[in-house]
Amino acid sequence: MIRVELPAHLRTLAGVKGEVTLDVARPVTQRSVLDALEAKYPMLEGTIREHGTLKRRAFLRFFACEEDLSHESPDALLPEAVAAGKEPLLVVGAVAGG
Amino acid sequence: MSKVRLLVGTRKGAFVLTSDGRREKWDVSGPHFAGWEIYHVKGSPVDPDRLYASQSSGWFGQIIQRSNDGGKTWEQAGNKFLYDGVPGTHQWYDGTPHPWEFKRVWHLEPSLTDVEGVYAGAEDAALFQSADGGQSWQELSGLRGHGSGPHWQPGAGGMCLHTVILDPSDPKRIYIAISAAGAFRTDDGGKTWKPINHGLRSQGIPDPDAEVGHCVHHIAMHPSRPGVLFMQKHWDVMRSDNAGDSWQEVSGNLPTDFGFAIDVHAHEPETIYVVPIKSDSEHYPLDGKLRVYRSKSGGNEWEALTQGLPQKDCYVNVLRDAMSVDSLDSCGVYFGTTGGQVYGSSDAGDSWTPIVRDLPAVLSVEVQTLA
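A quick note: this is a predicted structure, and the numbers were derived from the prediction, not measured. (Residues numbered from 1 in each chain as written. Chains lettered and ligands numbered in written order. Predicted model: local features only at pLDDT ≥ 70, side-chain atom pairs only at ≥ 80, totals over all residues.)

(A) Main features of the overall build of chain A. Within chain A, the secondary structure is distributed over three helices and five strands. Mapped from its N terminus to its C terminus, chain A presents α and β elements in the order β-α-β-α-β-β-α-β. Oriented by its inertia axes, the alpha-carbon framework of chain A measures out at about 35 × 25 × 25 Å. With 98 residues in all, chain A has 29% of them scored as buried. (Helix = DSSP H or I, 4+ residues; strand = E, 2+ residues; numbered from the N terminus. Buried ≥ 20, exposed ≤ 12 C-beta atoms within 10 Å, placed from the backbone.)

As structure tokens, this is what we get:
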């Protein structure tokens, strides 16, 4: 079971509280986790990755196990602790005013 | 008794303000979509309880919301706005080519005849259409394909398609406006488009009379005279009596002809309203006095409407989609400000009252007159 922590606005859109859990077959990558997330919560399509290009939206970052994974390949393996469900994948909005 | 419903989009959410036909006491509902920019909310003329809202954020992109009960509850519609084919480039502020990138929806225009039909004006400029209540969107790419697209440039607020006007007498005719490309018209339902900017003059572009490149801020039309258009350009208030084929300046005695909003009285097609703004760099009313100007002659002769509006120390702006009129017997006029006030007049502008004073910056105001 993969754990994902979403920013508050995306939790509101998805209608969830707290972490989201997903069934994701190995190998566990950014792409496979986000595909599973969007399949379970289609209202999040386009909010983390842009439609069409599937590029990470510019003001969002991915963290896990105290590492910044934002610039890793979408097909790179996520840390084993994330794949094992011990640590969440964090989707974090850039800290900025507005 | 009739009711009036105001749909207010702000920098931090949407608000729905309702009143009976007397328009004296208002209920305020919201914020809906708290914390998100709501560029526009508009109801279907076919079913006024069907509302569409454009919800966006620099972080999370574009969301379209839909209501079937007049804004009490909402459901998320589709947000897949993909340009048709390879979008190519337009000009950046410095004149260099810049790739077309979807940013947000500025304006939603529901169909006049089909509750599931709705148009979306986008930044970077394009017109999208949905036939299924906003679930899926297709670009009417003949607009960008007109040929002048590579020469379009953004205005200060981005290269936005902000105005969509449907001709009630001809379902195939649509007017749109883009900052800073200008106005365009289709007569074949969106397949092909022509620029309709003849007569506009814009200082600050290499050719002041160019076919495209004009910063049109907003256009208004009275439904009984769909060939007559009124335009607030960056500078200049203009009118066209031939469906945009040519324009004449009608700024007349306005103290400044810069501004954003323009609208037409519900029952008097020659009575129009603007809110003059000091200049393109200052973006607040002249002399700190918030004044709506009304012309009862279709332009040129204007009178200041000040009763109930702040006449000193007022430095708010009124944005392009933030003025609207109701269709009650005594026409109601409404506008919202970047200071968070929504003002209403139930006597066609003679006097004004703040309906709310402390909303987030108002981006848009639409009115529904309900039976």
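(B) Region of interest: the nonpolar core. Core analysis: the largest hydrophobic core is formed by 105 residues, its most contacted members being B:V8, B:A122, B:I219, B:A261 and B:V342. When neighbours within four sequence positions are excluded, B:V8 is seen to be in contact with B:A14, B:F15, B:L17, B:G336, B:V342, B:L359, B:V362 and B:V365. Ranked by size, the runner-up nonpolar core spans 25 residues in total, among them A:L22, A:V24, A:F62 and B:W59. (Core = buried A, V, L, I, M, F, W, Y, C linked by C-beta atoms within 7 Å. Contact = placed C-beta atoms within 7 Å.)

(C) Structural context of the interface of chain B and chain A. Taken together, the contacts link 11 residues of chain B with 14 residues of chain A. Split by residue class, the side of chain B that touches chain A holds three nonpolar, seven polar and one charged. (Nonpolar A, V, L, I, M, F, W, Y, C, P; charged D, E, K, R; others polar.)

(D) Focus on the environment of B:G95. Checked against the element boundaries, B:G95 lands in the loop between β8 (89-91) and β9 (97-99). C-alpha separation for the pair B:G95 and B:L286, spaced 191 residues apart in sequence, amounts to 32 Å.

(E) Highlighting unusual backbone geometry. All names here are of chain B. Going from E123 to D124, the amide bond is cis rather than trans, its omega being -5°. With respect to the secondary-structure elements, D124 resides in the loop between β11 (118-123) and β12 (126-130). Positioned with a positive phi, N300 is a non-glycine residue whose angle comes to about 75°. Here N300 shows up in the loop between β24 (292-295) and β25 (303-305).

(F) Structural context of the sheet that holds strand β29 (residues 353-356) of chain B. Residues and elements named next belong to chain B. Reading across from one edge, β26-β27-β28-β29 is the order of the four strands in this open sheet, with antiparallel pairing throughout. Looking at the sheet topology across the chains shown, the edges are occupied by β26 (323-325) and β29. Each strand axis lies, on average, 25° off the axis of its neighbour in the sheet, ignoring direction. (Pairing = 2+ DSSP bridges. Axes fitted to C-alpha atoms, helices over the stretch in contact; angles between N-to-C directions.)

(G) Quick look at the sheet that holds strand β5 (residues 51-57) of chain B. Strand order in the open sheet formed by four strands is β4-β5-β6-β7 (chain B), and the pairing between neighbours is antiparallel. Both edges of this open sheet fall to β4 (37-43) and β7 (75-76) of chain B, since each of them pairs with a single strand only.

(H) Region of the structure containing the confidence of the model for chain B. Summing up the model confidence of chain B, the mean pLDDT is 97 and the portion of residues at 70 or higher is 100%. Here the predicted complex scores 0.97 on pTM and 0.94 on ipTM. (pLDDT = per-residue confidence, 0-100.)

(I) The pairing of strand β2 (residues 13-20) of chain B, seen in detail. All names here are of chain B. Pairing analysis gives eight bridges linking strand β1 (residues 3-10) to β2, with the strands arranged antiparallel. Across the sheet, residue V4 finds its bridge partner in β2, namely S19. Pairing of β2 with strand β3 (residues 27-32) involves four bridges; the strand directions are antiparallel. By the bridge assignment for β3, L17 is matched with V28. Between β2 and β3, which pair antiparallel one after the other, the connecting turn spans six residues, and R23 there sits at a positive phi close to 60°.

(J) Structural context of the environment of B:Q232. Locating B:Q232 in the fold gives a position in strand β19 (residues 229-233). Sequence separation between B:Q232 and B:G332 is 100 residues, and the spatial gap between their C-alpha atoms is 20 Å.

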